[in-house]
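Chain by chain, the residues run as shown.
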Protein chains: 2
Amino acid sequence: MEKYLKILKKCSLFYGISDDNLLKMLTCLGARIIGFDKKYTIFAEGNTAKYIGIMLSGTAHTVQMDYFGNRSVLSVIKPTHIFGEAFACAEAENVPVSVIASEPCEVMLIDCGHILHTCSNNCGFHQQLIFNLMKDLATKNIMFHQKIEITSKRTTREKLLAYLLFRAKEQGADSFDIPFDRQALADYLEVDRSGLSAEISKLCREGILECRKNHFEFLNKPY
Amino acid sequence: MEKYLKILKKCSLFYGISDDNLLKMLTCLGARIIGFDKKYTIFAEGNTAKYIGIMLSGTAHTVQMDYFGNRSVLSVIKPTHIFGEAFACAEAENVPVSVIASEPCEVMLIDCGHILHTCSNNCGFHQQLIFNLMKDLATKNIMFHQKIEITSKRTTREKLLAYLLFRAKEQGADSFDIPFDRQALADYLEVDRSGLSAEISKLCREGILECRKNHFEFLNKPY
DNA sequence: ATAAATCTGTTGAAATTTCAACGAAATGAG
DNA sequence: CTCATTTCGTTGAAATTTCAACAGATTTAT
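Residues numbered from 1 in each chain as written. Chains lettered and ligands numbered in written order. Predicted model: local features only at pLDDT ≥ 70, side-chain atom pairs only at ≥ 80, totals over all residues. Heavy atoms only, no water.

Peer 1: With reference to specific residues and values, describe the relation of the copies chain A and chain B.
Peer 2: Between chain A and chain B, the superposition needs a rotation of 180° and an axial shift of 0.0 Å, giving an RMSD of 0.0 Å. Look at the turn and shift together and you get a two-fold axis relating the two. Considering only C-alpha atoms, the residue of chain A closest to the rotation axis is methionine 134 of chain A, which sits at 2.3 Å. Most of the interface of chain A is mirrored in chain B, where 100% of its interface residues are also at the interface. (Least-squares fit on C-alpha atoms with pLDDT ≥ 70 in both. Contact = heavy atoms within 4.5 Å.)

Peer 1: An account of the packing of aromatic side chains is requested, with residue identities and associated values reported.
Peer 2: Residues and elements named next belong to chain A. Applying the stated criterion to the full structure yields 15 aromatic pairs over all chains. Pairing phenylalanine 43 with phenylalanine 83 gives two aromatic rings, centres 5.2 Å apart and planes at 55°, and the pair type is tilted. In this pair, phenylalanine 43 sits in strand 2 (residues 41-43) while phenylalanine 83 sits in strand 6 (residues 82-83), placing the two residues 40 residues apart along the sequence. Note on phenylalanine 43: relative accessible area 18%, which makes it buried. (Phe/Tyr/Trp six-rings, centres within 6.5 Å; stacked < 30°, edge-to-face > 60°. Helix = DSSP H or I, 4+ residues; strand = E, 2+ residues; numbered from the N terminus. Buried < 20%, exposed > 50% of the residue type's maximum accessible area, 1.4 Å probe, protein only.)

Peer 1: I'd like to hear about the sheet that holds strand 2 of chain A, residue by residue, with values.
Peer 2: Residue and element names in this part refer to chain A. Strand order in the open sheet formed by four strands is 2-7-4-5, with antiparallel pairing between adjacent strands. Each having just a single partner strand, strand 2 and strand 5 (71-77) make up the two edges of the open sheet. In this sheet, adjacent strand axes meet at a mean angle of 35° when their direction is disregarded. Sheet analysis places strand 4 (residues 60-65) next to strand 5, joined by six bridges and oriented antiparallel. If you follow threonine 62 over to strand 5, its bridge partner there is serine 75. Along the sheet, helix 7 (residues 182-189) contacts strand 4 and strand 5; its crossing angle with strand 5, the most-contacted strand, is approximately 105°. (Pairing = 2+ DSSP bridges. Axes fitted to C-alpha atoms, helices over the stretch in contact; angles between N-to-C directions.)

Peer 1: For the pairing of strand 4 (residues 60-65) of chain B, give the residues involved together with the corresponding values.
Peer 2: By the criterion of burial, strand 4 of chain B is predominantly enclosed, with five of the six residues buried. With antiparallel pairing between neighbouring strands as the criterion, strand 4 of chain B and strand 5 (residues 71-77) of chain B make up a hairpin whose turn holds five residues, including glycine 69 of chain B at a positive phi of roughly 85°.

Peer 1: Before we move on, could you go through the side chain of threonine 62 of chain B and cite the residues and values that matter?
Peer 2: All names here are of chain B. One can find threonine 62 in strand 4. Looking at threonine 62, the relative accessible area reads 8%, which means it is buried. Among the polar contacts made by the side chain of threonine 62, one reaches the side chain of serine 75 at a distance of 2.8 Å. Residues in contact with threonine 62, not counting those within four places in the same chain, are Ser72, Val73, Leu74, Ser75, Ile77, Val97 and Ser98. (Polar contact = N/O pair within 3.5 Å; in protein donor to acceptor, adjacent residues only side chain to side chain.)

Peer 1: Before we move on, could you go through the pairing of strand 7 (residues 98-101) of chain B and cite the residues and values that matter?
Peer 2: Where strand 2 (residues 41-43) of chain B and strand 7 of chain B come together, two bridges link them in antiparallel fashion. Of the residues in strand 7 of chain B, the one forming a bridge with threonine 41 of chain B is isoleucine 100 of chain B.

Peer 1: Report on the protein's contact with DNA strand C, specifying residues and quantitative values.
Peer 2: Of all residues adjacent to DNA strand C, which total 14 residues, the nearest are Ser197 and Ser201 of chain A together with Thr156, Asp192 and Lys213 of chain B. Among all atoms of DNA strand C positioned within 4 Å of the protein, those belonging to sugar or phosphate total 61%. For DNA strand C, a phosphate oxygen lies 2.4 Å from a polar atom in the side chain of serine 201 of chain A. Here a phosphate oxygen of DNA strand C and a backbone polar atom of threonine 156 of chain B are 2.3 Å apart. Secondary-structure elements contributing two or more residues to the surface near DNA strand C are helix 7 and helix 8 (193-205) of chain A. Looking at which element gives the most residues to the surface near DNA strand C, the answer is helix 8 of chain A, with four residues. Broken down by class, the residue content of the surface near DNA strand C amounts to one nonpolar, seven polar and six charged. (Near = heavy atom within 4 Å. Nonpolar A, V, L, I, M, F, W, Y, C, P; charged D, E, K, R; others polar.)

Peer 1: So what's going on with the protein's contact with DNA strand D? Residues and values would help.
Peer 2: Residues in close proximity to DNA strand D total 14 residues, the closest being Thr156, Asp192 and Lys213 of chain A together with Ser197 and Ser201 of chain B. If you look at DNA strand D and keep only atoms within 4 Å of the protein, 67% of those are sugar or phosphate atoms. The side chain of serine 194 of chain A places a nitrogen or oxygen atom 3.3 Å from a base nitrogen of DNA strand D. Contacts to DNA strand D include arginine 193 of chain B, whose side-chain N or O atom sits 3.0 Å from a base nitrogen.

Peer 1: Requested: an account of the domain arrangement of chain A, with residues and values cited.
Peer 2: Interface size is commonly expressed as the accessible surface area that is lost when the partners come together. All names here are of chain A. Partitioning chain A into domains gives domain 1 (2-150) and domain 2 (153-218). The interface of domain 1 with domain 2 comprises 11 residues on the first partner and 14 residues on the second. Contact between domain 1 and domain 2 buries roughly 1,200 Å² in total, counting both sides, with carbon and sulfur atoms accounting for 57%. If you look at where domain 1 meets domain 2, you find two salt bridges. Arginine 71 is the partner of aspartate 187 in a salt bridge, and the nearest nitrogen-oxygen pair spans 2.4 Å. At the junction of domain 1 with domain 2, the criterion picks out seven residue pairs in polar contact (both at pLDDT 80 or more). (Domains from an automatic or database assignment. Buried area = accessible area lost by both parts, 1.4 Å probe. Salt bridge = Lys/Arg side-chain N within 4 Å of Asp/Glu carboxyl O.)

This is the structure we're talking about:
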């Protein structure tokens, strides 16, 4: 566990908790660590929500599939991020999304029941954990507002620009990377991949953007 | 305040709190009640998040506007519902949405700081309130998943059917009402209003649906 | 290093959405 | 009750997206 202390300390779930208390608490919470290869399913749609995941290394995506196999990407999960907490906290019967490793991952799993309900040792940090969970859920809520702001645009071009402008702002630079390949970006923006590729080329030809794989640069920011 | 006790007791924020404690707590939290006429703005986009709202009577919509005035409806707020809590809990500087009364409303406002930080009277219910807020935020998160599941469909017809099927399931009947007029439904589904009207007519002609204003009935459920 | 598999950009045709405009119906105000 | 306003359904044309197919590039596995 010590190996991951640095990552765990940055995890919002453990805000306000000292190092040695953190380690004790992890034992008390029955935390486990599991590794996943690329493309493996970390949480599967349809299961009961029980565990909160903490990403220790690697990246994963939250995805939703409909009847016809259309894929929608909801969010990106990077080291220090929590996932599955909304379903676990709401004690949902049926999780409507899957979490899929987009690179090899190491994940810490914690049974959410141990966080929400007092543990036998009464280790006294539940209140802080619950407060931290509340903050995290509020932040996730705002993230969804952002995603909806992006995908509510009506054209591929507008969605793409809205997305890229958010990422540029987030990274504080006109030159930045995105955590998606083309298909995943299309699934996040909820548009057709080939149409998305065409739009990227067009923006490059117009001198607004420069793009090499997952790296983008604004030459002329619109708006 | 007593007048609203019946509604407040059903509000998830006050779960697990007895009637007389509830009334005392409202005083301690500095709760205020304000009325709004139809179309009035309850919370305005761009302001700092400070208050949690509780709807006491009437209905409101959460809406987002982009540069060009395109409107997107995020959610419906009915009596007993909480709103604004995500921004207040995350202590957001700039709320990206407005809350607009879609009928005359009465709203209770509570300064969120009084919930998150211990009050001078130390009235001892903060832990319960924070737990309740966490549950509420987890539920809202799931609501957004649902909205995204609906709006990620690529055609007006699929979005409309997905939405109506959710509402039918929610109300446990093939005959049900929706809380939107045509324009608001279009803004929720993120489609063109006239195209939506056309699609509704088509579904009716095909014998799948029956519709009178905001009332819908499935005659033949697809899928 | 080589072969296989995956990812990406292009294309053109078909399907769908958006947009603007209009009249009819419903609602609200005085 | 009447007039003004808003909502709603319809239309046709223009713009955009989706779909399918393909070849070149890149990545992965052996």
